[in-house]
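Geometric and topological summary
Spelled out, the chains give:
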Amino acid sequence: LEKGFNGAILVAKNGQILFEQYKGYANFITKDPITEHTPFHLASISKTFTGMAVLKLWEEGKLSLDDTLQKYFPTLPYYGITIRMLLSHRSGLPNYLYFMDSLWDKHKEMTNEDVLNAMIAHHPAIHSEPDKHFEYCNTNFMLLALIVEKITGEYFPDYMKQNVFAPLGMNDTYIFSIKDTANYIPTWS
């Protein structure tokens with residue numbers, strides 16, 4: 001492959017695959033080709049799956065969309081923010097991608113719990129009052145993943161695998177975690 005498309009294309013309609021093709025390398029160093037089992041970093045597309053897990057728990061009666069953050073994180077100093085606001089990016093919370101820059105050693109892996117603890121300890125300023133306007137914020141979905149863990153008692157990647165991905169036949173899909181770093185191939189390799 002000289003230059004051009006590097007990735008996977010799948011077009012389906014009504015559950016039937018109409019077109020499927022894989023081109024390029026999963027790893028440019030080893031020249032391993034992309035196959036139907038190659039994991040791709042989906043980044044923010046994964047928020048859709050986190051939202052799906054939260055709404056599944058809502059359907060099961062395990063949470064209310066009007067539950068506040070304090071129900072799950074009593075010491076978190078941000079009040080009046082509900083699960084509904086997290087899902088719709090209307091929380092007003094600061095984005096951890098920015099405030100953690102000055103609070104975290106970039107040579108260490110950071111977990112959702114680390115971000116939560118930093119928010120409790122350092123209380124970065126909110127961007128707006130809750131439910132005032134839409135502002136895309138990764139912090140919202142980090143907190144939703146922690147809420148799923150609190151409700152289910154399961155590690156978020158394990159819950160997603162057993163309750164979302166496996167039932168949908170998504171056998172090559174997983175939530176990245178620290179244990180995956182040994183086999184991780186960065187998107188930019």
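These notes cover the structure that comes with them. Residue numbers here run from 1 along each chain, matching the order of that chain's written sequence. Confidence filtering applies because this is a predicted model: local features only for residues at pLDDT of at least 70, side-chain atom pairs given and counted only at 80 or more, and all residues used for totals across whole chains, interfaces and linings. Only hydrogens and water are set aside when side-chain values are computed; all heavy atoms of the structure are taken into account.

Some thoughts on the overall build of the chain
- Here a strand is any run of E in DSSP of at least two residues, a helix any run of H or I of at least four, and the numbering for each starts at the N terminus. Of regular secondary structure, the chain possesses seven helices and four strands.
- The order of helices and strands in the chain, counted from the N terminus, is β-β-β-β-α-α-α-α-α-α-α.
- When the backbone C-alpha atoms are referred to their principal axes, the chain occupies close to 50 × 40 × 30 Å.
- Residue exposure (1.4 Å probe, protein chains only): buried if accessible area is under 20% of the type maximum, exposed if over 50%, otherwise partly exposed. A burial count over the chain gives 34% of its 189 residues as buried.
- Computed by Shrake-Rupley with a 1.4 Å probe, the accessible areas treat only the displayed protein chains as cover when residues are assessed. Here the chain displays about 11800 Å² of accessible surface, and carbon together with sulfur accounts for 55% of that area.
- Both charge centroids of the chain, one from 16 positive and one from 21 negative side chains, sit 3 Å from each other. By the counting scheme adopted, Arg and Lys are positive, Glu and Asp are negative, and His together with the chain ends is not counted. All charge positions are set by atom: Lys at NZ, Arg at CZ, Asp at CG, Glu at CD.

Observations regarding the side chain of Gln70
- Positionally, Gln70 belongs in helix 2 (residues 69–72).
- Classification of Gln70 as buried rests on a relative accessible area of 18%.
- At 2.8 Å, the side chain of Gln70 and the backbone oxygen of Tyr78 are in polar contact.
- In this structure, Gln70 is in contact with Leu76, Tyr78, Tyr79 and Gly80, ignoring residues within four places of it in sequence. The term polar contact refers here to a pair of N or O atoms within 3.5 Å; inside protein, the definition further demands a hydrogen-donor-capable atom paired with an acceptor-capable atom, and it admits residues adjacent in sequence only when both atoms are side-chain atoms. Residues count as neighbours in contact if any of their non-hydrogen atoms are within 4.5 Å of one another.

With respect to the pattern of salt bridges
- Salt bridges are counted wherever a side-chain nitrogen of Lys or Arg sits within 4 Å of a carboxyl oxygen of Asp or Glu. Applying the stated criterion across every chain yields a total of five salt bridges.
- A salt bridge links Lys56 to Glu60, with the nearest nitrogen and oxygen atoms 2.6 Å apart.
- Overall, Glu60 belongs to the partly exposed group, its relative accessible area being 36%.
- Connected through shared salt-bridge partners, Lys56, Glu60 and Lys62 make up one network.

Comments concerning the packing of aromatic side chains
- To pair, rings of Phe, Tyr and Trp, with the six-membered ring standing in for Trp, must have centres within 6.5 Å; the planes then decide the type, stacked if under 30 degrees apart, edge-to-face if over 60, and tilted in the middle. Within the structure shown, the criterion is met by two aromatic pairs.
- On the basis of an interplanar angle of 70° and a centroid distance of 5.6 Å, the ring pair of Phe49 and Phe165 is categorised as edge-to-face. Taken together, the positions of Phe49 in helix 1 (residues 46–59) and Phe165 in helix 7 (residues 156–165) put the pair 116 residues apart, joining distant regions of the chain. You'll find Phe49 and Phe165 in the same group, each marked buried.

Remarks on the packing of helix 6 (residues 138–152) against helix 7
- Contact geometry of helix 6 with helix 7 gives a least axis separation of 9 Å together with a crossing angle of 75°. Taken together, the axis directions place helix 6 and helix 7 in an arrangement best described as roughly perpendicular. Residues Ala145, Val148, Glu149 and Thr152 of helix 6 form the contact with helix 7, whose own contacting residues are Phe156, Pro157 and Tyr159.
- Residues are grouped as follows: Ala, Val, Leu, Ile, Met, Phe, Trp, Tyr, Cys and Pro are nonpolar; Asp, Glu, Lys and Arg are charged; every other residue, Gly included, is polar. Class assignment for the residues of the contact of helix 6 with helix 7 results in five nonpolar, one polar and one charged. All axes are obtained by fitting lines to C-alpha atoms, using only the stretch in contact for helices, and the reported angles, taken between N-to-C directions, cover 0 to 180 degrees. Roughly parallel here means an angle under 35 degrees, roughly antiparallel means over 145, roughly perpendicular means 65 to 115, and every remaining angle is called oblique.

Overview of the nonpolar core
- The biggest cluster of nonpolar side chains holds 39 residues, and the ones touching the most others in it are Leu69, Phe73, Leu93, Leu143 and Met160.
- Only helix 1, helix 2, helix 3 (83–87), helix 4 (96–99), helix 5 (112–122), helix 6 and helix 7 provide two or more residues apiece to this core.
- Among the elements that line this core, the one with the most residues is helix 6, at eight residues.
- In contact with Leu93, other than residues within four places in its own chain, are Leu69, Tyr78, Ile81, Leu86, Met119, His127, Cys137, Thr139, Asn140 and Leu143. The term nonpolar core refers to a set of buried residues drawn from Ala, Val, Leu, Ile, Met, Phe, Trp, Tyr and Cys, joined through side-chain atoms within 4.5 Å.

Description of the pairing of strand 1 (residues 7–13)
- Bridge count for strand 1 against strand 2 (residues 16–23) is seven bridges, and the pairing is antiparallel. Within strand 2, the position partnered with Gly7 by the bridge is Lys23.
- Joining the antiparallel neighbours strand 1 and strand 2 is a turn of two residues, in which Asn14 adopts a positive phi near 55°. A pair of strands counts as paired when DSSP detects no fewer than two bridges linking them.

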